[in-house]
Amino acid sequence: MTLFTDLALAPADPILGMTDLFLADPRAQKANLGVGVYQDESGKLPLMQSVRQASDILAADPKPYNYLPIDGDAAYDAAVVKQVLGADHPAVTGGLAVSVQTLGGSGALKVGGDFLHGIGATTVLLSDPSWDNHAAILGGAGLKVGYYRYYDAANRCVDFGGMLDDLRAAEPGTVVVLHGCCHNPTGYDLTRDQWDQVLDVVEDKRLVPFIDMAYQGLAESPEKDAYAIREAARRGLPAFCANSFSKVFGLYGERVGGLTLITASPDEAKRVRSQVKLRVRANYSSPPTHGAAIVHTILESAELTSLWTDEVATMRDRIKAMRAGLADGLRAAGVSADVSYITTQRGMFSYSGLTRDQMLRLREEFGVYGVENGRLCMAALNHANLPLVINAIATVMG
């Protein structure tokens, strides 16, 4: 008998485990549409030119890798809050926004969850469905996890009425996780008018909006995609925002993100920062240096920011083109069902509507890998694997 004798084998991660299965598949013709990583037309993760140039600038003036402050590099934090809210937002100019550097968007959710639990929050509501790790992270922070209606499977759209009803039924102080854009896993986003109605309910019911913005720029533009958090801050709501630079800068392995909180006064902001730092210190002490330095170098340079914005637009347009190619291809293959939802959805993911059995057929018969809940990564499509994916989906759809 040892300490680990009765320890159960944990199940593989439903998303990251796809890559292990994909790599073990000996077939030459296969496609990994499971993990949410942007790939270019060649099927590779690109090194963005803006990132390359920023890296060259940093390499030309090397500095020692000392510990950063608990809440991260101050210049990076300032760049993040401007990226999230806009440089001229009253919450920024008025000193009401607190931003701390985190270990990607996941780290921002964790720090935010720990902070909320520590100040008395008890319940968090997630969209049904939501990114799998939301429940794991926020539940692990001690919050009771519940859900509000979001996806209408029968009509392939947002169940907006159900969403509003569930939010209206929530107790004051309930934390509500909202996807700022490019909803994961469905790809269905709220319109601006719908966002206004959601924030009306949040404000009226005194709920706490926690906006997850991992894909800023991949729906419409960096500015338009940030509408939810900017409007929440304009209203003076005590809002939280977890943002990630993994997708839009291609910095997956650098774990670069931020947690931004909206307060009511500069004095409150000071106290909030002090308490958030306690949660960081008890977790990982301080964040890493290099990825944040790359992002800060880009965002502080008008030339590099312009280049980065153009690169994000290219990514966004390529994903849209792959969506159109998939929908057109399915129609050409004889699929009679309405597949217009593929181009209605936005961002990296498509909630295909395929059942678990159909997803398993895609994997086992055709080597097309997706998450068993039906989520497919549109950013992993290219002209080389599109025919395989079209044929596979058309076959399982009958």
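Since we're looking at a predicted model, the values are computed, not measured.

K.L.:
Would you explain a nonpolar patch on the surface in this entry?
P.N.:
A surface patch of nonpolar side chains, about 420 Å² in accessible area, is lined by Leu3, Phe4 and Leu7. Note on placement: Leu7 falls in the segment before α1 (16–24). With a relative accessible area of 64%, Leu7 lands in the exposed category.

K.L.:
Would you mind going over the pattern of salt bridges with me for this structure?
P.N.:
Side-chain pairs of opposite charge can arise where the charged atoms are in close proximity. For the coordinates displayed, the defined rule picks out 18 salt bridges. The partner of Arg168 in a salt bridge is Asp165, with the nearest N and O atoms 3.3 Å apart. In this pair, Arg168 and Asp165 are both assigned in helix α7 (residues 160–168), three residues apart and thus about one turn of the helix distant. Relative accessible area serves as the criterion here: at 43%, Arg168 is assigned to the partly exposed category. The shortest N-O distance in the salt bridge between Arg346 and Asp189 comes to 3.0 Å. Placement of the pair is Arg346 in the loop between α14 (341–344) and β11 (349–351) and Asp189 in the loop between β7 (175–179) and α8 (192–205), with a sequence separation of 157 residues. Residue classification places Arg346 among the partly exposed residues on the basis of a relative accessible area of 24%.

K.L.:
Any chance you could explain the pairing of strand β3 (residues 123–128) here in plain terms?
P.N.:
Two faces belong to every sheet, and in a regular strand the side chains alternate between them. Inspection of the sheet shows β3 paired to strand β4 (residues 144–149) by six bridges, in the parallel sense. Looking at the pairing, Leu126 lines up with Tyr147 of β4. With respect to chirality, the unit in which β3 leads through helix α6 (residues 132–140) into the neighbouring parallel β4 is right-handed. The pairing of β3 with β7 spans two bridges and is classified as parallel. Residue Leu125 lies in a different strand from β7, and its bridge partner there is Val176.

K.L.:
Before we go on, may I ask you to explain the sheet that holds strand β2 (residues 97–103) in this structure?
P.N.:
Strands pair in a sheet through their backbones, by hydrogen bonds, and they do so in one of two ways: parallel or antiparallel. One open sheet accounts for seven strands, arranged β2-β10-β9-β8-β7-β3-β4; its pairing is mixed. Of all the strands in the sheet, just β2 and β4 have a single pairing partner and so form its edges. Geometrically, the sheet is characterised by an average inter-axis angle of 25° between neighbouring strands, direction not taken into account. Bridging between β7 and strand β8 (residues 208–213) involves five bridges; their strand directions are parallel. Along β8, the bridge assignment pairs Val175 with Val208. Taken strand by strand, α6 contacts β3, β4, β7 and β8, and its axis lies near 180° from that of β3. Against the sheet, helix α9 (residues 227–234) makes contact with β8, β9 (240–244) and β10 (256–262), and its axis sits at roughly 150° relative to β8, the strand it touches most.

K.L.:
Looking at this structure, how should I read empty space enclosed by the protein?
P.N.:
One simple way to see leftover space: roll a probe sized like a water molecule over the atoms. Throughout the structure, instances matching the rule amount to three cavities of 30 Å³ or more. Reported here for the largest cavity is a volume of approximately 50 Å³. As for the largest cavity, its lining consists of Leu326, Leu330, Tyr341, Ile342, Ser350, Ser352, Leu376, Met378, Ile393 and Met397. Residue assignment for the lining of the largest cavity shows that the elements contributing at least two residues are α13 (302–332), α14 and α16 (386–397). Class assignment for the residues of the lining of the largest cavity results in eight nonpolar, two polar and no charged.

K.L.:
What exactly am I supposed to notice about the packing of helix α5 (residues 104–118) against α6 here?
P.N.:
To characterise two packed helices, one gives the angle between the axes of the helices and the distance between these axes. The N-to-C vectors of α5 and α6 enclose an angle of 35°; their axes lie 8 Å apart at closest approach. In the packing of α5 onto α6, the handedness of the crossing is right-handed. Every residue of α6 that contacts α5 at Ser106, Leu109, Lys110 and Gly113 is listed here: Asn133, His134, Ile137, Leu138 and Gly140. For the contact of α5 with α6, the per-class residue count stands at three nonpolar, five polar and one charged.

K.L.:
Is there a simple way to explain α1 in this structure?
P.N.:
Owing to its 3.6 residues per turn, the α-helix brings residues three or four apart onto one side. Where α1 is concerned, the buried positions are Gly17, Met18 and Phe22. End-on, the buried residues of α1 take up no more than an arc of 145°, which puts them together on one face. With respect to the buried face of α1, the exposed residues turned more than 90 degrees away are Leu16, Asp20, Leu23 and Ala24. On the buried face of α1, the contacting elements are β1 (31–32), α15 (356–366) and β12 (368–369).

K.L.:
It is not clear to me how the nonpolar core should be interpreted in this structure. Could you clarify?
P.N.:
If you look at soluble globular proteins, the nonpolar side chains tend to sit buried side by side. Formed by 99 residues in total, the largest nonpolar core has its most connected members in Leu85, Ile229, Phe249 and Leu326. With nine residues, α13 is the largest single contributor of residues to this core. Beyond its immediate chain neighbours, meaning those up to four positions away, Leu85 contacts Ala91, Val92, Ala97, Ile229, Arg230, Ala233, Thr260 and Ile262. By size, the runner-up hydrophobic cluster in this structure holds 26 residues, among which are Leu109, Ala121, Val177 and Phe240.

K.L.:
What exactly am I supposed to notice about the packing of aromatic side chains here?
P.N.:
Where two aromatic rings form a pair, the distance of their centres and the angle of their planes describe that pair. This structure, assessed with the given rule, holds nine aromatic pairs. Note on Tyr76 and Phe245: the rings are 6.3 Å apart at their centroids and 85° apart in plane angle, and the pair reads as edge-to-face. On the criterion of sequence distance, the pair formed by Tyr76 in helix α3 (residues 74–85) and Phe245 in the loop between β9 and α10 (246–249) is long-range, its members being 169 residues apart. An identical accessibility class is assigned to Tyr76 and Phe245; each is buried.

K.L.:
Just to check I follow, could you spell out the layout of surface pockets for this structure?
P.N.:
Estimates place the volume of the largest pocket at around 610 Å³. Looking at the largest pocket, it is lined by 30 residues, and the ones nearest its centre are Ser106, Trp131, Asn133, Asn184 and Lys247. For the lining of the largest pocket, a count of residues per class yields 14 nonpolar, 10 polar and six charged. Here the second largest pocket is characterised by a volume of approximately 490 Å³. Lining the second largest pocket are 20 residues; nearest its centre among them are Leu58, Lys63, Pro64, Thr289 and Ala293. Breaking the lining of the second largest pocket down by element, the ones donating at least two residues are α2 (49–60) and α12 (290–299). A per-element tally of the lining of the second largest pocket places α12 first, with five residues. Residues that form the lining of the second largest pocket fall into these classes: 11 nonpolar, five polar and four charged.

Quick notes on the rules
- Residues numbered from 1 in each chain as written.
- Predicted model: local features only at pLDDT ≥ 70, side-chain atom pairs only at ≥ 80, totals over all residues.
- Heavy atoms only, no water.
- Patch = residues over 30% accessible without salt bridge, like charges linked within 9 Å, V, L, I, M, F, W, Y side chains within 5 Å.
- Areas by Shrake-Rupley, 256 points an atom, 1.4 Å probe, with all protein chains shown as cover.
- Salt bridge = Lys/Arg side-chain N within 4 Å of Asp/Glu carboxyl O.
- Helix = DSSP H or I, 4+ residues; strand = E, 2+ residues; numbered from the N terminus.
- Buried < 20%, exposed > 50% of the residue type's maximum accessible area, 1.4 Å probe, protein only.
- Pairing = 2+ DSSP bridges.
- Right-handed = clockwise from strand over helix to strand, strands pointing away.
- Axes fitted to C-alpha atoms, helices over the stretch in contact; angles between N-to-C directions.
- Contact = heavy atoms within 4.5 Å.
- 1 Å grid on protein atoms, 1.4 Å probe; cavity = no way out; pocket = protein on both sides within 12 Å on 5 of 7 lines; lining within 4 Å.
- Points joined across faces, edges and corners; volume = space filled by probe spheres on them.
- Nonpolar A, V, L, I, M, F, W, Y, C, P; charged D, E, K, R; others polar.
- Left-handed = near helix turned anticlockwise from the far one by under 90°.
- Arc of directions from axis to C-beta.
- Core = buried A, V, L, I, M, F, W, Y, C linked by side-chain atoms within 4.5 Å.
- Phe/Tyr/Trp six-rings, centres within 6.5 Å; stacked < 30°, edge-to-face > 60°.

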